[in-house]
Amino acid sequence: MNLMERRILIVTCFGHFLSHFNMIVFPSVVLPLAADLHLPMNEVLGLSFMQYLLFGVMALPWGMVGDRWGGKRLMLLMFLGAGLSGVAAAALIGSPPLFALSLAGIGFFSSIYHPIGLGLITKGVKRMSVALGYNGVFGGLGLVLAPLFSGIMVWVSGPRAAYLFLGGLNIFGMILMAMLPLEEPEKTSAQDEHGENGMLGAFVILLAAMMLGGIAYRAATVILPTYLELQGRGILEFLSTWWGAPLSGNLVATAITALIYTVGMVGQYIGGHVGERYEPRYAYLAFHATCIPLAFLMAFTQNVALVVLAVLYFFFLLGMQPVENTLVATYAPRRLHHSAFGTKFILTFGVGSFAVKMLQYIESRWDVQASFIALGIVSILLVATIVL
């Protein structure tokens, strides 16, 4: 890579890290927040709905703005807006309506990253699939460190500290962009075997598959820390005995979640090289097909067996993302890459946000284990769409 390609990759990797970090802090504080606010878990889950909805539905508008005005200024706006929203969430955490509004601000500004950052990579870096793999690693790192740092912050000082930390990290993104100024990339550097105009029919089918993938991703990441805390009591008892003192169930669950996402991060690195070396369509099918039995089995296991299955599930669920993004860049017109990624994420994260409502319904009508049966069914529909 030349100097400007490296700068694009560094800034977008940090942006990808933060976009996922910002979204995953909330699932890590659900149970402590429910205790602090004296609310049932399903009501606390509902506070995040607008955050996840805006994270998805704003992707296309931001992408359209990016195609017209370029990506540099929007990346800067993301860091500033999400940082201030995180500080507001910490200050207003005692008021559920205002806290929910602050969460919505985090989702609104964090939604800038995917259409803008991925568009910068596909237009500005020649080895697109490998660059998307590296970028995916940093998104995975956000998934890893968010529950880990949030669990530590909650343990030391409560949920408020977790959101102050979130705000500070986003403000640092502005400093990083000042240190590494970017130039807008040309619109013809992405490698596209189908030419300037892409393949519209394939892109439309891909959008349907990605919408189902967004439901699976959002539901799995929102419920995982809580599910591990409820279904991993044997691990908690063992570690407390080994430690010689009682441990926080939330801290143990978030630490295990961080471990699971670490393996998912490795999956994204591997997925980037798979997308460059093999036919991306078949790799995409294989990764998602493997998720089906793993999701069903997670509904019926506990403790160590559950952790092993979760590690494998998230390896494939997260590992397919560079492959998926390579397909988006291949089938979408080059001049509309920001909008193409915006269209993807308005479906994956916008429609995917309704997974929160799905989880609320399942938890109130049946039990939390049924969540993973629902995820297995979603994956079956997803694989059928990929076959089409």
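Note: the structure precedes this text.
Residues numbered from 1 in each chain as written. Predicted model: local features only at pLDDT ≥ 70, side-chain atom pairs only at ≥ 80, totals over all residues. Heavy atoms only, no water.

*Asks:* Any chance you could explain helix α1 (residues 3-28) here in plain terms?
*Replies:* An α-helical segment advances 3.6 residues per turn. Residues three or four places apart therefore align on the same side. Over its 26 residues, α1 extends 37 Å from the first C-alpha to the last, a length consistent with the 38 Å expected when each residue adds 1.5 Å. Helix geometry: α1 is bent most strongly at N22, by close to 25°. Among the 26 residues that make up α1, 22 are buried, leaving the element largely enclosed by the rest of the structure. (Helix = DSSP H or I, 4+ residues; strand = E, 2+ residues; numbered from the N terminus. Expected span 1.5 Å × (residues − 1). Bend = angle between axes of the 7 residues up to and from the residue. Buried < 20%, exposed > 50% of the residue type's maximum accessible area, 1.4 Å probe, protein only.)

*Asks:* What am I meant to see in unusual backbone geometry here?
*Replies:* One can expect most non-glycine residues to show negative phi and most peptide bonds to be in trans. Look at H38: it is not a glycine, yet its phi comes out positive at around 55°. Tracing the chain through its elements places H38 in the loop between α2 (30-37) and α3 (41-46). Phi at N303 takes a positive value of approximately 55°, unusual for a residue other than glycine. With respect to the helices and strands, N303 occurs in helix α15 (residues 303-319).

*Asks:* Just checking my understanding: could you explain the nonpolar core for this structure?
*Replies:* Within soluble globular proteins, side chains that are nonpolar tend to cluster in buried spots. Judged by nonpolar contacts, the single largest core of 128 residues is most densely connected at Y163 and Y313. Looking at which element gives the most residues to this core, the answer is helix α11 (residues 200-231), with 16 residues. Contacts of Y313, omitting those with residues within four sequence positions, involve A216, A220, C291, L294, A295, M298 and L375. (Core = buried A, V, L, I, M, F, W, Y, C linked by side-chain atoms within 4.5 Å. Contact = heavy atoms within 4.5 Å.)

*Asks:* I would appreciate a short explanation of the environment of V252 in the present structure.
*Replies:* Summarising the element assignment, V252 is placed in helix α13 (residues 249-277). Distance from V252 to E229, taken between C-alpha atoms, is 7.6 Å for residues 23 residues apart in sequence.

*Asks:* Before we go on, may I ask you to explain the packing of aromatic side chains in this structure?
*Replies:* Given two aromatic rings, their pairing is described by the distance between the two centres and the angle made by the two planes. As enumerated under the stated definition, the model contains 15 aromatic pairs in all. Between F21 and F165 the ring centres are 6.2 Å apart and the planes differ by 50°, which places this aromatic pair in the tilted class. Taken together, the residues F21 in helix α1 and F165 in helix α10 (residues 159-179) connect sequence positions 144 residues apart. Taking the relative accessible area as the measure of exposure, F21 reaches 1% and is therefore buried. Centroid distance Y313 to F314: 5.3 Å. Interplanar angle 85°. Geometry classified as edge-to-face. Of the residues examined, Y313 reaches a relative accessible area of 0% and is grouped as buried. Residue class for F314 comes out buried when judged on its relative accessible area of 0%. Taken together, the ring pairs in this structure connect F14, F17, F21, F79, F149, F165 and F172 into an aromatic cluster. (Phe/Tyr/Trp six-rings, centres within 6.5 Å; stacked < 30°, edge-to-face > 60°.)

*Asks:* Is there a simple way to think about the pattern of salt bridges in this case?
*Replies:* Where charged atoms from two side chains of opposite charge approach closely, those side chains can pair. By the definition in use, this model includes two salt bridges. E279 is the salt-bridge partner of R281, the closest N and O atoms lying 3.1 Å from each other. Assessed through its relative accessible area of 33%, E279 is described here as partly exposed. A salt bridge links E324 to K344; the shortest N-O distance between them is 2.7 Å. In this pair, E324 is assigned in helix α16 (residues 321-331) and K344 in helix α17 (residues 337-350), connecting sequence segments 20 residues apart. Each member of the pair, E324 as well as K344, is classed as buried. (Salt bridge = Lys/Arg side-chain N within 4 Å of Asp/Glu carboxyl O.)

*Asks:* Explain the environment of A332 here, please?
*Replies:* Looking at the secondary structure, you find A332 in the loop between α16 and α17. For the pair formed by A332 and M199, sequence separation is 133 residues and the distance between their alpha carbons is 6.4 Å.

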